[in-house]
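# Notes for the structure review
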Amino acid sequence: MAKLTVGGVVFGEGRPKIIVPIVGKNEQEILEAASDIKTIDCDLVEWRIDFFDKVEEQGEVSELSKKIRKIINRPLLVTFRTKKEGGVLELSDNKYFEVYNEVVENGNIDLLDVELFMPVEEVSALIEKAHANNVKIVMCNHDFDKTPERDEIVNRLTTMSEKGADICKIAVMPNSNKDVITLLDATRIAKEKINKPLITMSMGALGMTSRVSGEVFGSTATFGAAKQSSAPGQVPVAQLREILDTLKLN
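In this text, all values refer to a predicted model and were calculated from it rather than measured experimentally.

## Remarks on the UniProt feature "binding site: 3-dehydroquinate" (unreviewed entry) in the protein chain
- If you check UniProt for "binding site: 3-dehydroquinate" (unreviewed entry), the listed places come out as Glu46, Trp47, Arg48, Arg81, Arg211, Ser230 and Gln234 in our numbering.
- Mapping glutamate 46 onto the fold places it in strand β4 (residues 44-48).
- On the basis of relative accessibility, which here comes to 3%, the residue arginine 81 falls in the buried class.
- For arginine 81, the residues in contact, after removing those within four places along its chain, are Glu46, Arg48, Asp50, Gly86, Gly87, Val88, Asp113, Glu115, Cys140, His142 and Lys169.

## Let's talk about the packing of aromatic side chains
- Throughout the structure, instances matching the rule amount to 4 aromatic pairs.
- Considering the side-chain rings of tryptophan 47 and phenylalanine 52, the 5.5 Å spacing of their centres and the 50 degrees angle between planes classify their relative orientation as tilted. Residue tryptophan 47 shares its accessibility class with phenylalanine 52, and that shared class is buried.
- Note on phenylalanine 80 and tyrosine 96: the rings are 6.1 Å apart at their centroids and 85 degrees apart in plane angle, and the pair reads as edge-to-face. Here phenylalanine 80, found in the loop between β5 (76-79) and α3 (93-106), pairs with tyrosine 96, found in helix α3; they are 16 residues apart in sequence, far enough to count as distant. The same class applies to phenylalanine 80 as to tyrosine 96, namely buried.
- The structure contains a cluster of three or more aromatic residues connected by ring pairs, namely Phe80, Tyr96, Phe97 and Tyr100.

## Brief notes about the sheet that holds strand β11 (residues 235-236)
- The strand order across the open sheet formed by 9 strands is β9-β8-β7-β6-β5-β4-β3-β10-β11, and the pairing between neighbours is parallel. At either end of the open sheet lies a strand with only one pairing partner, and these are β9 (198-202) and β11.
- In this structure, β5 lies alongside strand β6 (residues 111-115), joined through 3 bridges in parallel fashion. If you follow threonine 79 over to β6, its bridge partner there is aspartate 113.
- Here helix α4 (residues 120-132) sits on the sheet in contact with β6 and β7 (136-143), set at roughly 140 degrees to β7.

## What about the packing of α3 against α4?
- Here α3 crosses α4 at 10 degrees, and the two axes come no closer than 10 Å. Here α3 lies roughly parallel to α4, going by the angle between them. Each of Phe97, Tyr100, Asn101, Val104 and Glu105 in α3 lies in contact with α4, whose residues at this interface are Glu122, Val123, Leu126, Lys129 and Ala130.
- Within the contact of α3 with α4, the residues separate by chemical class into 6 nonpolar, 1 polar and 3 charged.

## Notes on the pattern of salt bridges
- Within this structure, the stated rule accounts for 18 salt bridges.
- For the salt bridge of arginine 241 with aspartate 41, the shortest nitrogen-to-oxygen distance reads 3.0 Å. You can see arginine 241 sitting in helix α9 (residues 237-246) and its partner aspartate 41 sitting in the loop between α1 (27-38) and β4, a full 200 residues away along the chain.
- The partly exposed category is assigned to aspartate 41, whose relative accessible area is 45%.
- For lysine 66, the salt bridge goes to glutamate 63, with nearest N and O atoms at 3.1 Å. Of this pair, lysine 66 and glutamate 63 are both found in helix α2 (residues 60-72), 3 residues apart, which corresponds to roughly one turn of the helix.
- One network of salt bridges, with partners in common, ties together Arg150, Asp151, Asp185, Arg188 and Glu192.

Conventions used here
- Residues numbered from 1 in each chain as written.
- Predicted model: local features only at pLDDT ≥ 70, side-chain atom pairs only at ≥ 80, totals over all residues.
- Heavy atoms only, no water.
- UniProt positions renumbered as here; feature names shortened; annotations may be inferred.
- Helix = DSSP H or I, 4+ residues; strand = E, 2+ residues; numbered from the N terminus.
- Buried < 20%, exposed > 50% of the residue type's maximum accessible area, 1.4 Å probe, protein only.
- Contact = heavy atoms within 4.5 Å.
- Phe/Tyr/Trp six-rings, centres within 6.5 Å; stacked < 30°, edge-to-face > 60°.
- Pairing = 2+ DSSP bridges.
- Axes fitted to C-alpha atoms, helices over the stretch in contact; angles between N-to-C directions.
- Parallel < 35°, antiparallel > 145°, perpendicular 65-115°, else oblique.
- Nonpolar A, V, L, I, M, F, W, Y, C, P; charged D, E, K, R; others polar.
- Salt bridge = Lys/Arg side-chain N within 4 Å of Asp/Glu carboxyl O.

Right under this line is the structure:
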């Protein structure tokens, strides 16, 4: 697997990197969460802007990203999770790309989350602009109902790579322990096939094993909850580093 360095954090080397989400609704909540995270043992911060009450207002995301980045002193991943993939706000495709293009041009971010099934031409142009501004792309797909077949998971991760993603991410919902094995085996195969860092997870309590076994199967990062989680099954960050260290390969 290829390595990717973002703000001094190396994906694809050593133990999975810990990402902690910020899900505040307004600037005060968001900056307070950033201050709390500054004292937490994590590697990156994800700002879920679909929770932000001013996400649709011109320039608000960019300006707040600068304040967050200054506080956390860590790489910042900005994510607008669409309603259809588990987000909290319905947004038109045009507005989605307007917000993203603006923050790429004028904000202070290191990574941008882009969903796999967004319009192809707009995604291609956004990725080109992001790379020109030294912003890396985490392309993702979420299924909150089920776990697709192993080959379909591998195919989606491969498609992300082909579309220009720097990191390929998928999260699926297990309905049995077999589903968790399916996700882990798909990760193993994709690691051998795709020369880019992967982030994969099986959600909920049933899938929690997948969130801490990335070093074995090939997932290069995991999400830990500080005060609020952004998805089901996130391990509290206070425990996560200890678990990852215990499960280390060497």
